[in-house]
Amino acid sequence: MNERSHDEAMIERISKAVRDVPGFPKPGIVFKDITPVLADPALLKGLIDTLAGRYASQRIDYVAGIESRGFILAAPVAAALAAGFVPIRKKGKLPREVYREEFQLEYGTDVIELHQDAFPAKSRVLLLDDVLATGGTAAAAIRLIERAGAQVAGVAFMIELGFLDGRSKLGGKDIHALIRY
Ligand code: AMP
């Protein structure tokens, strides 16, 4: 099997293992539960290798993950790319000086933060999260990375909910999703 069809077969297996949970965390939402993928040794390795593989030929200095499911993917992808891992956290969790961005949720707002000195000058950063839904979270994370003086080299997701058009909020960045619904 060539590399491309090998990747496609793996993505198909990963896609089949993601479980839809209707009505979680509230009515009207179909939650994409990735825990069956994470619990399967072959799928976990395939997921990390496939995500990292797409960026193997680029210079990526850091992979930034969004709390908390983004962390699960971003740290091993960073290690696979010989890059560093940087956490983007919920309000009040990072101990030193932070940049803070607020964004819209369906009801109300949320806040994410990044250490002000997270990146040396001219760093190229890959932003990674599990699910792209409306795009508010990823757009706020991009603002944080740019405020910290780094360049967003790419934005990657395990899953994109294409019908919510979150992509349109991400300002023409290089966006990649392994699985699209
Ligand atoms: P959004 O800001 O609307 O793009 O939402 C993205 C964030 O919410 C991600 O960090 C996801 O982990 C989570 N999320 C949103 N919708 C879903 C969903 N249907 N299933 C699982 N996670 C979701």
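Quick note: structure is the one above.
Owing to the predicted nature of the structure, the values given are computational and were not obtained by experimental measurement.

Engineer: Where do I start with helix α5 (residues 136–147) in this structure?
Structural biologist: Working note: α-helix, 3.6 residues per turn, so residues spaced by three or four point in the same direction. The terminal C-alpha atoms of α5 lie 17 Å apart, and with 12 residues this matches the ideal 16 Å at 1.5 Å per residue to within 8%. Within α5, burial applies to Gly136, Ala138, Ala139, Ala140, Ala141, Ile142, Leu144 and Ile145. Residues of α5 that are buried make contact with β3 (62–66), β4 (84–90), β5 (98–104), β6 (109–115), β7 (124–132) and β8 (151–160). Positive phi shows up at Gly149, right after α5, with a value of about 90°.

Engineer: What should I look at first to understand the site of the ligand in this one?
Structural biologist: Near the ligand there are 13 residues, and of these Asp129, Asp130, Thr134, Gly135 and Thr137 occur at the shortest range. Contact distances for the ligand include 2.9 Å between a nitrogen atom and a backbone N or O atom of Lys32. At 2.9 Å from an oxygen atom of the ligand is found a main-chain nitrogen or oxygen belonging to Ala133. In isolation the ligand exposes 480 Å². Once the protein is present, 82% of that is buried. Of all elements in the fold, only β2 (30–33), β7 and α5 reach the threshold of two or more residues within the shell around the ligand. Looking at the shell around the ligand, its residues break down into 5 nonpolar, 4 polar and 4 charged.

Engineer: For this particular structure, what's the right way to read the nonpolar core?
Structural biologist: One broad rule of soluble globular proteins: the nonpolar side chains tend to lie buried together. Core analysis: the largest hydrophobic core is formed by 29 residues, its most contacted members being Ile14, Val63, Val77, Leu81 and Met158. Contributions of two or more residues to this core are made by α1 (3–17), α3 (41–53), α4 (69–80), β7, β8 and β9 (175–180). Broken down by element, the residue count for this core peaks at 5 residues, all from α3. One finds Ile66, Leu127, Leu144 and Leu170 within the second-largest nonpolar core, a separate group that totals 28 residues.

Engineer: Explain a nonpolar patch on the surface here, please?
Structural biologist: A contiguous nonpolar surface patch, about 310 Å² in accessible area, is contributed by Phe163, Leu164 and Tyr181. You can call Leu164 partly exposed: its relative accessible area is 37%.

Engineer: Please clarify how the packing of aromatic side chains should be interpreted in this entry.
Structural biologist: Here a ring pair, both rings aromatic, is described through the centre-centre distance and the interplanar angle of the planes. Scanning all chains against the criterion turns up 3 aromatic pairs. Each ring, one from Phe24 and one from Phe31, has its centre 5.1 Å from the other, and the planes form 85°; the classification is edge-to-face. Considering the side-chain rings of Tyr62 and Phe119, the 5.4 Å spacing of their centres and the 65° angle between planes classify their relative orientation as edge-to-face. One end of the pair, Tyr62, is in strand β3; the other, Phe119, is in the loop between β6 and β7, and 57 residues separate them in sequence. Under the relative-accessibility criterion, Phe119 is labelled buried at 6%. Sitting above the plane of the Tyr181 ring, Lys32 keeps its charged end 3.7 Å from the centroid.

Engineer: Before we go on, may I ask you to explain the pattern of salt bridges in this structure?
Structural biologist: It is possible for side chains of opposite charge to pair when their charged atoms get near one another. Scanning the model with the defined rule gives 14 salt bridges in all. Notably, a salt bridge pairs Arg143 with Glu101, separated by 2.7 Å at the nearest N-O pair. Residue Arg143 is found in helix α5, and its partner Glu101 is found in strand β5; the two are separated by 42 residues along the sequence. For Arg143, a relative accessible area of 34% puts it in the partly exposed group.

Calculation criteria
Residues numbered from 1 in each chain as written. Predicted model: local features only at pLDDT ≥ 70, side-chain atom pairs only at ≥ 80, totals over all residues. Heavy atoms only, no water. Helix = DSSP H or I, 4+ residues; strand = E, 2+ residues; numbered from the N terminus. Expected span 1.5 Å × (residues − 1). Buried < 20%, exposed > 50% of the residue type's maximum accessible area, 1.4 Å probe, protein only. Contact = heavy atoms within 4.5 Å. Near = heavy atom within 4 Å. Polar contact = N/O pair within 3.5 Å; in protein donor to acceptor, adjacent residues only side chain to side chain. Areas by Shrake-Rupley, 256 points an atom, 1.4 Å probe, with all protein chains shown as cover. Nonpolar A, V, L, I, M, F, W, Y, C, P; charged D, E, K, R; others polar. Core = buried A, V, L, I, M, F, W, Y, C linked by side-chain atoms within 4.5 Å. Patch = residues over 30% accessible without salt bridge, like charges linked within 9 Å, V, L, I, M, F, W, Y side chains within 5 Å. Salt bridge = Lys/Arg side-chain N within 4 Å of Asp/Glu carboxyl O. Phe/Tyr/Trp six-rings, centres within 6.5 Å; stacked < 30°, edge-to-face > 60°. Lys NZ or Arg CZ within 6 Å of the ring centre and 35° of its normal.

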